[in-house]
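# Structural characterization, general
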Amino acid sequence: MTDIVAEKLKLLPENPGVYIMKDANGRIIYVGKAVVLKNRVRQYFQSNKNHTPKVRAMVSHIADFEFIMTNTEVEALILECNLIKKHRPRYNISLKDDKTYPYVKVSVQEEFPRVFITRRVLKDGARYFGPYTNATAVHESLKLLRRLFPLRTCKHLQERPCLEYHIKRCLAPCAGNVDKREYDAMIKAVLLFLEGRTEEVERELQYRMDKAAAAYHYEVAARLRDQLLAVRKIAEKQNIVTGSGDQDAVGMARSEIGVAVQIFFIRAGKMIGREHFLLRGSEEESDEAILTAFLQQYYHRAAFVPREILLPLELPEDERTLMEAWLSEKKKRAKVQLLCPQRGTKHDIVVMAAGNADKYLKDEAARIKQANAQTRGAVEELGKYLGLKRPPERMECFDISHIQGSETVASMVVFEGGLPKKSDYRRFKINSTEGKPDDFLSMREVTTRRYVGLPEEELPDLIVIDGGKGQLSSALEIIRQQAGHKNVPVVGLAKQFELVFKEGESEPVVLPRHSQSLYLIQRIRDEAHRFAITYHRKLRGKRNLVSVLDHIVGIGPKRRQALWSHFGTLAKIKAASVEELAEVDGMNRPSAEAVYNFFLAQESFRGKEKEKK
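The structure contained in this document is the topic of the report that follows. (Residues numbered from 1 in each chain as written. Predicted model: local features only at pLDDT ≥ 70, side-chain atom pairs only at ≥ 80, totals over all residues. Heavy atoms only, no water.)

### Brief notes about the overall build of the chain
Of the regular secondary structure elements, the chain holds 19 helices and 20 strands. Counting every position in the chain, which comprises 613 residues, the buried fraction comes to 46%. Contacts in the chain between residues at least 24 apart in sequence constitute 62% of all its contacts with a sequence separation of at least 6. Per element, the accessible surface of the chain, about 32,700 Å² overall, is 50% carbon and sulfur. (Helix = DSSP H or I, 4+ residues; strand = E, 2+ residues; numbered from the N terminus. Buried < 20%, exposed > 50% of the residue type's maximum accessible area, 1.4 Å probe, protein only. Contact = heavy atoms within 4.5 Å. Areas by Shrake-Rupley, 256 points an atom, 1.4 Å probe, with all protein chains shown as cover.)

### Focus: helix α10 (residues 287-301)
The terminal C-alpha atoms of α10 lie 22 Å apart, and with 15 residues this matches the ideal 21 Å at 1.5 Å per residue to within 8%. Here α10 lies mainly inside the structure; 12 of its 15 residues are buried. (Expected span 1.5 Å × (residues − 1).)

### Description of the sheet that holds strand β3 (residues 64-69)
Across the sheet, which stays open at both edges, the 3 strands sit in the order β2-β1-β3 with antiparallel pairing between neighbours. Unpaired on one side and paired on the other, β2 (28-34) and β3 mark the two borders of the sheet. The mean inter-strand angle of the sheet, taken between neighbouring strand axes irrespective of direction, is 15°. Across 6 bridges, strand β1 (residues 17-22) lies against β3 in antiparallel orientation. (Pairing = 2+ DSSP bridges. Axes fitted to C-alpha atoms, helices over the stretch in contact; angles between N-to-C directions.)

### Overview of the packing of aromatic side chains
Scanning the entire structure with this criterion turns up 12 aromatic pairs. Ring centres 6.2 Å apart and planes at 35° place the aromatic pair Tyr19 and Tyr30 in the tilted group. With a gap of 11 residues between them, Tyr19 in strand β1 and Tyr30 in strand β2 connect regions that are remote in the sequence. Exposure remark for Tyr19: the relative accessible area of 1% places this residue in the buried category. The exposure class of Tyr30 is buried, given its relative accessible area of 19%. A connected cluster of aromatic rings, assembled from ring pairs, spans Phe277, Phe294, Tyr298 and Tyr299. The aromatic ring of Phe65 is capped on one face by Lys8, whose charged end is 6.0 Å from the ring centroid. Over the ring of Phe112 we find Lys180; its NZ or CZ atom is 6.0 Å from the centre of that ring. (Phe/Tyr/Trp six-rings, centres within 6.5 Å; stacked < 30°, edge-to-face > 60°. Lys NZ or Arg CZ within 6 Å of the ring centre and 35° of its normal.)

### Re the pattern of salt bridges
Across all of its chains, the model carries 37 salt bridges by this definition. Lys10 is the partner of Glu7 in a salt bridge, and the nearest nitrogen-oxygen pair spans 3.7 Å. Of this pair, Glu7 and Lys10 both sit in helix α1 (residues 3-10), 3 residues apart, which is roughly one turn of the helix. What makes Lys10 exposed here is its relative accessible area of 59%. Linking Glu396 and Arg450 is a salt bridge whose minimum nitrogen-to-oxygen distance equals 2.7 Å. (Salt bridge = Lys/Arg side-chain N within 4 Å of Asp/Glu carboxyl O.)

### A short note on the environment of Tyr165
Take Tyr165: it is sitting in helix α6 (residues 163-166). A relative accessible area of 31% means that Tyr165 is categorised as partly exposed. For Tyr165 and Arg152, which are 13 residues apart along the polypeptide, the C-alpha to C-alpha distance reads 8.8 Å. Sequence-distant contacts of Tyr165, defined by excluding residues within four places in its chain, comprise Cys170, Leu171, Ala172 and Asn177.

### Comments concerning the sheet that holds strand β7 (residues 127-129)
An order of β6-β5-β7 is seen for the 3 strands of this open sheet, with the pairing classed as antiparallel. Two strands in the sheet have a free side with no partner beyond their single neighbour: β6 (115-118) and β7. Adjacent strand axes in the sheet meet at a mean angle of 30° when their direction is disregarded. Of the pairings in the sheet, the one linking strand β5 (residues 103-106) to β6 comprises 4 bridges and is antiparallel in character. Residue pairing in the sheet places Val104 in a bridge with Ile117 of β6. Across the sheet, helix α5 (residues 135-148) touches β5 and β6, and the angle it forms with β6 is around 170°.

In structure tokens, the structure reads:
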């Protein structure tokens with residue numbers, strides 16, 4: 001215990017509040033709440049016989065602490081949630097990657113609201129639904145909503161209808177093509193749908209469809225009929241699991257890889273979806289502590305709180321009472337209950353949630369095992385087959401790309417631990433072979449530029465040359481003789497069959513079919529080829545652009561470069577208006593008109609040629 005800590009312990013008040021533990025570098029390592037700050041904080045620095053190893057480790061790192069007094073326990077709970085979310089302390093149980101969870105946002109504060117995905121929850125008057133862990137599922141749900149309800153998607157109302165209107169995915173409120181009341185009714189149905197209240201959506205759509213048909217608005221009635229049928233089809237997939245009401249059913253499972261929590265969302269008696277969450281820092285914590293931490297962090301950021309939350313185990317009485325008071329306050333004074341059902345339908349749904357959490361953990365363990373086999377295991381296996389002294393932790397692979405000697409380029413990709421390290425990728429524009437294809441000379445140039453003058457400690461564990469014996473010999477000539485690197489292993493990879501040629505051996509190494517080492521060498525080769533081809537296409541596109549712009553009067557090298565930098569492709573320059581062309585640095589109105597008219601004349605000429613044919 002430091003002198004600073006000892007002095008501050010004497011000053012602790014008997015109020016509720018939050019305490020913040022810091023290490024010697026001033027980093028926040030733990031945040032906790034207390035009914036009585038004086039009693040709770042002092043417990044950490046008394047006899048540690050009853051402390052868990054995790055708490056003992058944390059206390060050994062505490063060099064200072066702060067505290068914030070609050071008026072009530074609920075205020076302390078809210079402050080604790082905010083601080084954990086902000087600082088993500090090392091010793092707190094926390095949702096894994098909780099900053100990345102997406103929400104569905106309905107901008108009800110706008111005149112014509114939109115529905116879109118966001119990762120930021122703001123106090124802007126909008127309605128939010130989430131958080132969700134499966135971003136792909138959220139995108140699919142949004143696609144479904146847009147098929148059901150033709151809402152606007154543009155950030156700002158345009159002056160005239162866009163493509164979305166013409167393909168019947170928007171009613172074009174920008175052009176006044178839809179009545180405000182009709183649009184608001186559609187938004188109301190969207191909100192009910194996202195809340196899981198499909199029966200109310202069906203009643204609303206049925207009423208509006210009948211009303212439109214009675215008024216002879218058959219096109220509107222047909223659109224509402226299609227929406228109604230789609231909603232009914234979705235509702236058929238939702239199982240009725242409880243009598244009625246809104247509930248969240250929480251299931252929890254533990255294994256050697258961590259803790260998973262599964263939530264089933266039940267709205268108006270129907271299960272409308274589920275989400276799973278991984279928690280970290282929970283290895284030595286009790287089930288009650290883990291569940292309490294999860295509920296605090298999840299409902300702190302949840303967009304909706306149901307009246308009942310079904311739990312897999314009972315929380316301590318004081319924690320449950322505090323949590324219910326906080327959640328009730330969050331739900332605008334509506335009473336929220338934390339229940340641990342022992343029998344009946346509610347108990348069954350909690351057991352089902354726990355079963356799903358356990359299945360997720362098993363699948364995750366299998367995925368981790370497979371990923372390790374494809375990365376670390378593959379690296380070790382490759383090292384054994386190639387007879388290396390140590391596994392090739394870092395591998396660098398080279399590939400040459402050109403078309404009949406034109407725009408020859410080379411790529412270098414890097415794999416560390418069996419995974420690509422894209423920040424270390426390099427690409428080379430080959431100068432020594434321009435106009436005459438020579439892969440051997442190209443390989444000598446690129447290995448010269450990479451390895452001559454490179455310190456020994458920066459060398460990789462394995463250099464892979466994409467090519468056969470000739471390519472390998474060219475690379476070795478530079479690496480061994482000019483660069484003077486005698487010990488780094490270098491192998492050549494034949495274009496077909498993934499035969500690996502080693503230095504000084506006439507017969508290639510044949511990696512076993514379906515082995516992870518073979519798949520790893522294929523991934524490295526394919527990545528080097530992809531990276532080289534991408535660079536080659538970029539240079540070729542730039543060359544083609546320059547050759548076309550050469551024919552335009554008033555467009556010199558500087559303006560060609562400016563147009564390339566601004567637009568990137570010839571197609572975008574062709575599609576640009578005079579105003580957009582004139583906005584480019586170095587361009588003016590006459591030069592912009594020259595470019596625009598040049599491509600306009602080309603299009604006109606092509607059109608006439610087609611007519612003749």
